[in-house]
Amino acid sequence: MVEFYKTVDGRVTEMEGFTEGCWVNMVRPSSDEIDEIARAAHVEEEFIRAALDPEESSRVETEEDRLLMIIDIPMVEKNSVEDGGQMFSTLPMGIVVGQSSVITVCLEDSVILRSIAEGAVKGVHTALRTRFVFQILLRVAGRFLKNLRMIERDFSRIEKRLYDSLKNEELIQLLGLSKSLVYFSASLKGNEVTMEKVLRGRVLKLYEDDRDILEDALIEIRQAIEMAGIYSSILSGTMDAYASVVSNNLNIIMKVLTVLTIIMTIPNIIFGFYGMNIDGGLPGSFFWWIPLLISVGGCFLAWFMLKKKNLD
C-alpha cells in the first residue's frame, strides 16, 4: 500500500500521486511500488527496502543529499491478546529524506503514522522535511511511553490476582510482559543512539526550532528507557516473590499431609496388631472398644505432641 499526503492550507491532505513536498507512506510495498517511488523521489531502492527486514536494527545512513533513518516503533501483537493481557513487540520503520519529499516504510500500518495522516497531530508541514521527521520521532517516543503505561496497568491487574492463584495463566502473562519490556529496552536504546547522531547535526541540517523538537523526543526516549528498566526490575521481583509464595504454599500442604499421615498410622498399627492370631489376644468381640479407645487416645497424644512442636 502506498499513500501520498501533503500539507495544504495547514491540513494534511491525501493526494492522488507524488508531488514535491509530499509525504509518501508505504506499508508492505511491492517491488513495483518500490521501483516507482524510488524513481519519482530520486532515492536508492536499497533505502526503501532496508526497513522491510524485520531484524533490521536502528541506524542512520546518508548518501549525497539523501538520508535513511531506521528506528524501532512499538506494536501490539493482536494474536496474543487473551484474558485481558497484551503482548508488545517492536518493528523497524524506515524514514527516507529525499530531495523534496519524505518517505516512510514499514511492514505494518502504524497508529503513529495513521494519526498524522488523519490530521490528529497539529503543526505538521510535510514540505518542512527536517521538522516533519522530528515530529515523527516525537510521536514514536510518545507511543513508547503510552505502551509502557499500558504494560504497567496490565501488570497491576495481574498482580492483584496473582497471589491467590496457583494456576499458570497469570505467570504466562507476566512472562509475556517481561518479554515485551526486553524488546522495548533494546529498541529504545537503539533509537537513542540514532537520535543522538542526528542531534549532532552531521547527517541532517538542523534549525533551532527543529532542534527543540528532536531534543524533546530524545528526552522522552530516555524517560522511556528509565521506565522500562524500572518496570523490568519490579516485574522480576514480583515473579521471584510469586515463586516463593508457591513454594511456601506447597510446603504448608506437604506439612499438613505429613501430620495426617502420622496420625492415621497409629490406628492402622493398633488394629493390625489386634487382628493378629496370637496367644493371649483379647477374648471375644465384646472387647472391640478396647483397641478403638487405644487408637483414639494414641491419635490425640500424637496430635498433642505435634502441636507442641508447632508441626500441626
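Note that this is a predicted model, so its numbers are computed, not measured.

Asker: So, the packing of aromatic side chains: which residues are in play, and what are the values?
Answerer: All chains considered together, the criterion is met by four aromatic pairs. Ring geometry for phenylalanine 144 versus phenylalanine 184: centroids 5.2 Å apart, planes at 85°, classification edge-to-face. Of this pair, phenylalanine 144 sits in helix α4 (residues 129–162) while phenylalanine 184 sits in helix α5 (residues 169–199), placing them 40 residues apart in sequence. Put simply, the rings of Tyr5, Trp23 and Phe132 pair up and form one aromatic cluster.

Asker: Account for a negative patch on the surface, with residues named and values stated.
Answerer: A contiguous patch of negative charge, built from Glu208, Asp212, Glu215 and Asp216, is present on the exposed surface. Residue position: glutamate 215 is located in helix α6 (residues 208–274). Overall, the relative accessible area of 31% leaves glutamate 215 in the partly exposed class.

Asker: Describe α5, and please don't skip the residues or the numbers.
Answerer: Its 31 residues give α5 an end-to-end C-alpha distance of 44 Å, which sits within 8% of 45 Å, the value for a rise of 1.5 Å per residue. Glycine 201 sits one or two positions beyond α5 and adopts a positive phi of about 85°.

Asker: Explain empty space enclosed by the protein residue by residue, including any values.
Answerer: Within this structure, the stated rule accounts for one cavity of 30 Å³ or more. Size it by volume and the largest cavity reaches roughly 60 Å³. Breaking the lining of the largest cavity down by element, the ones donating at least two residues are α4, α5 and α6. The residue inventory of the lining of the largest cavity, partitioned by class, reads seven nonpolar, no polar and one charged.

Asker: Explain the pairing of strand β2 (residues 11–15) residue by residue, including any values.
Answerer: Across five bridges, the pairing between strand β1 (residues 2–8) and β2 is antiparallel. Bridging across to β2, threonine 7 finds its partner in valine 12. A loop of two residues connects β1 with β2, the two strands running antiparallel in sequence, and aspartate 9 in this loop sits at a positive phi of about 55°.

Asker: Got a sec to walk through helix α1 (residues 31–41)? Specific residues and values, please.
Answerer: When α1 is considered as a whole, its buried residues turn out to be Ile34, Ile37, Ala38 and Ala41. On an axial view of α1, the arc spanned by its buried residues comes to 105°, and they lie on one face. Turned more than 90 degrees off the buried face of α1, the exposed positions are Asp32 and Arg39. Those residues of α1 that are buried lie in contact with β1, β3 (23–27), α2 (45–50) and β7 (102–106). In the segment just after α1, histidine 42 is the residue with positive phi, at about 60°.

Asker: Describe in detail the pattern of salt bridges, supporting the description with residues and values.
Answerer: Evaluated as defined, the whole model comprises 10 salt bridges. Close ionic contact of glutamate 3 with arginine 114 constitutes a salt bridge, the shortest N to O distance being 3.2 Å. Residue glutamate 3 is located in strand β1, and its partner arginine 114 is located in helix α3 (residues 111–117); the two are separated by 111 residues in the primary sequence. Between arginine 59 and glutamate 56 there is a salt bridge, and its shortest N-O distance comes to 2.7 Å. Counted as one network, the salt bridges with shared partners bring together Glu3, Asp109 and Arg114.

Asker: Lay out a nonpolar patch on the surface in plain terms, naming residues and giving numbers.
Answerer: Together, Leu250, Ile252, Ile253, Met254, Val256, Leu257 and Leu260 make up an exposed nonpolar region whose accessible area comes to about 630 Å². Positionally, leucine 250 belongs in helix α6.

Asker: Lay out the side chain of glutamate 192 with the relevant residues and their values.
Answerer: Along the chain, glutamate 192 falls in helix α5. Residue classification places glutamate 192 among the buried positions, given a relative accessible area of 18%. Leaving out residues up to four positions away in the same chain, glutamate 192 has contacts with Leu218, Ile221, Arg222 and Ile225.

Asker: Go over the nonpolar core, please, and point to the residues and values.
Answerer: Note on soluble globular proteins: their nonpolar side chains tend to be buried together. Formed by 59 residues in total, the largest nonpolar core has its most connected members in Met93, Ile95, Phe134, Leu137 and Leu148. Residue assignment for this core shows that the elements contributing at least two residues are β5 (66–82), β6 (85–97), β7, α3, α4, α5 and α6. Considering each element in turn, this core owes the most residues, 14 residues, to α4. Once residues lying within four places of it in the same chain are set aside, the contact partners of leucine 137 are Met69, Ile71, Ile95, Met195, Leu214 and Ala217. Counting 18 residues, the second-largest nonpolar core is a separate cluster that includes Cys22, Ala50, Leu68 and Ile70.

What counts and what doesn't
Residues numbered from 1 in each chain as written. Predicted model: local features only at pLDDT ≥ 70, side-chain atom pairs only at ≥ 80, totals over all residues. Heavy atoms only, no water. Phe/Tyr/Trp six-rings, centres within 6.5 Å; stacked < 30°, edge-to-face > 60°. Helix = DSSP H or I, 4+ residues; strand = E, 2+ residues; numbered from the N terminus. Patch = residues over 30% accessible without salt bridge, like charges linked within 9 Å, V, L, I, M, F, W, Y side chains within 5 Å. Areas by Shrake-Rupley, 256 points an atom, 1.4 Å probe, with all protein chains shown as cover. Salt bridge = Lys/Arg side-chain N within 4 Å of Asp/Glu carboxyl O. Lys, Arg positive; Asp, Glu negative; His and termini not counted. Charge placed at Lys NZ, Arg CZ, Asp CG, Glu CD. Buried < 20%, exposed > 50% of the residue type's maximum accessible area, 1.4 Å probe, protein only. Expected span 1.5 Å × (residues − 1). 1 Å grid on protein atoms, 1.4 Å probe; cavity = no way out; pocket = protein on both sides within 12 Å on 5 of 7 lines; lining within 4 Å. Points joined across faces, edges and corners; volume = space filled by probe spheres on them. Nonpolar A, V, L, I, M, F, W, Y, C, P; charged D, E, K, R; others polar. Pairing = 2+ DSSP bridges. Arc of directions from axis to C-beta. Contact = heavy atoms within 4.5 Å. Core = buried A, V, L, I, M, F, W, Y, C linked by side-chain atoms within 4.5 Å.

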